[in-house]
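Fold and geometry: a report
The lines below spell out each chain.
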Amino acid sequence: MPIAKKRVLIVDDEPATRLLLGQIFSGMGHDVAVAEDGFTALEAIRQAEPDLILSDLNMPGMSGFELLSVVRRRLPSIYVIASSGAYTGDSVPEGISADAFYEKATTLKALFEIVKGALGTEARKTRRIGSEVPVWLTMEEGHSADKEYFVISCTECLRTFSHVHEKVFGVVHHADCVHCKSPTPYAVVRLLAKVNEQAYQMELDTAGRSLRA
Ligand SMILES: [Zn+2]
């Protein structure tokens, strides 16, 4: 059954995953753009606003946590799917600004169902945007320094500034944007190590083949 052509942005730091997901969505007839991290994704969004973003959470540079919280505040009509191998379950992990969550290396059928629902004809729900949606910053598991330097994207002016964070987890803090002086709420989360990326890519490859067959 043909579905309307949509613009899809795929954000993943693994080149093979970007390529394979890109092939799958192109094969479904959509316009596909790819980005390797949050910064590149924001640039792509500025050029052409997508209908759907499928974003990895664990990426160097600007992580998916941060990207999705910026998107949710500024562009709430974009449907956002967070994907990760570092969490389990089919619901959106707490604190992540996304409409749906897809656990990497589970069945791709689950992803297709999510996408079908997202790009279907059903009207998008209007979202209430809390002014206190924090920007999520990630720290690798096992990180032991007392202080950490972060680059934060201002949710008001979308420019970036660096910020020194004292090691406290799980609370919302505020950092003043050096450009527009807006207080940007942020929180720091610990990220688990990447898992199952290879198994995920193998499954994508198989799915891509069967779509083309
Ligand atoms: Zn600003």
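In the annotation of an unreviewed UniProt entry, the entry for the protein chain reads Response regulator receiver domain-containing protein, and the organism field reads Granulicella pectinivorans.

In this section: the coordination of the zinc ion. Distances from the zinc ion to its protein donors, namely C154 (SG), C157 (SG), C177 (SG) and C180 (SG), fall within the range 2.3 Å. For the zinc ion, the four donor atoms are set out with angles of 104 to 117° between them, so the coordination reads as tetrahedral. Counting residues between consecutive donors of the zinc ion along the chain gives the motif C-x2-C-x19-C-x2-C. Of this pair, C157 sits in the loop between β7 (147-153) and β8 (160-166) while C180 sits in the loop between β9 (173-176) and β10 (183-191); the two residues are 23 residues apart in sequence, bridging distant segments of the chain. Look at C157 and you get partly exposed, because its relative accessible area is 23%. Assessed through its relative accessible area of 30%, C180 is described here as partly exposed.

Quick look at the UniProt feature "modified residue: 4-aspartylphosphate" (unreviewed entry) in the protein chain now. Those residues carrying the UniProt feature "modified residue: 4-aspartylphosphate" (unreviewed entry) are D56 in this numbering. Along the chain, the position of D56 falls in strand β3 (residues 52-56). Judged by its relative accessible area of 1%, D56 is buried.

This part covers the pairing of β7. Where β7 lies against β8, seven bridges are found, and the strand directions are antiparallel. Following the sheet pairing, E148 is matched in β8 by H165. Here β7 folds back onto β8 in antiparallel fashion, the turn holding six residues, of which L158 has a positive phi close to 65°.

So, about helix α3 (residues 64-74). The buried fraction of α3 amounts to 10 of the 11 residues, a majority that puts the element mostly inside the structure. Looking at α3, one finds that the buried residues are G64, F65, E66, L67, L68, S69, V70, V71, R72 and R73.

Turning next to the sheet that holds strand β5 (residues 100-103). If you trace the five strands from one edge of the open sheet to the other, you get β2-β1-β3-β4-β5, paired in parallel fashion. Two strands lie at the open edges of the sheet, namely β2 (31-35) and β5, each paired on one side alone. With strand direction ignored, the average angle separating the axes of adjacent strands in the sheet is 20°. With four bridges joining them, strand β4 (residues 79-84) and β5 adopt parallel strand pairing. Note on β5: the bridge partner recorded for S83 is Y102.

When pLDDT is averaged across the protein chain, the result is 77; 71% of the residues are at 70 or more. Looking across the protein chain, the model is least confident in strand β6 (residues 135-140), with a mean pLDDT of 67, and most confident in β2, with 96. Contacts from residues 121-131, a stretch scored under 50 in pLDDT, to residues over four places away or in other chains number 15 contacts.

Here the focus is unusual backbone geometry. Positive phi, close to 65°, is recorded for L158, a residue that is not glycine. Relative to the helices and strands, L158 resides in the loop between β7 and β8. For K181, which is not a glycine, the phi torsion comes out positive at approximately 70°. Relative to the helices and strands, K181 resides in the loop between β9 and β10. Note on K181: relative accessible area 59%, which makes it exposed.

Each value, and the rule that gives it
- Positions within a chain are numbered from 1, following the residues in the order the chain's sequence is written.
- Side-chain atom pairs in this predicted model are given and counted only at pLDDT of 80 or more, local residue features only at pLDDT of at least 70, and totals for whole chains, interfaces and linings cover all residues.
- Think of the side-chain values as coming from all heavy atoms in the structure, minus any hydrogens and water.
- Sites may look incomplete, because water is not among the atoms used; the donor set itself consists of N, O and S atoms within 2.8 Å of the metal (3.2 Å for Na, K and Ca).
- When four donors show all angles between 85 and 135 degrees the site is tetrahedral, when four or six donors have opposite pairs over 155 degrees and all other angles between 65 and 115 it is square planar or octahedral respectively, and in every other case it is irregular.
- Numbered from the N terminus, helices here are DSSP runs of H or I no shorter than four residues, and strands are runs of E no shorter than two.
- Think of it in three bands: residues with accessible area under 20% of the maximum for their type are buried, residues over 50% are exposed, and the middle band is partly exposed, with areas taken using a 1.4 Å probe on protein chains only.
- UniProt positions are given in the numbering used here, feature names are shortened, and annotations may be inferred rather than shown by experiment.
- Two strands form a pair only when DSSP identifies at least two bridges running between them.
- Convention adopted: a line fitted to C-alpha atoms gives each axis, helices being fitted over their contacting stretch, and angles between N-to-C directions are expressed from 0 to 180 degrees.
- Scored from 0 to 100, pLDDT reflects the predictor's confidence in each residue.
- The contact criterion used throughout is that any non-hydrogen atoms of two residues lie within 4.5 Å.

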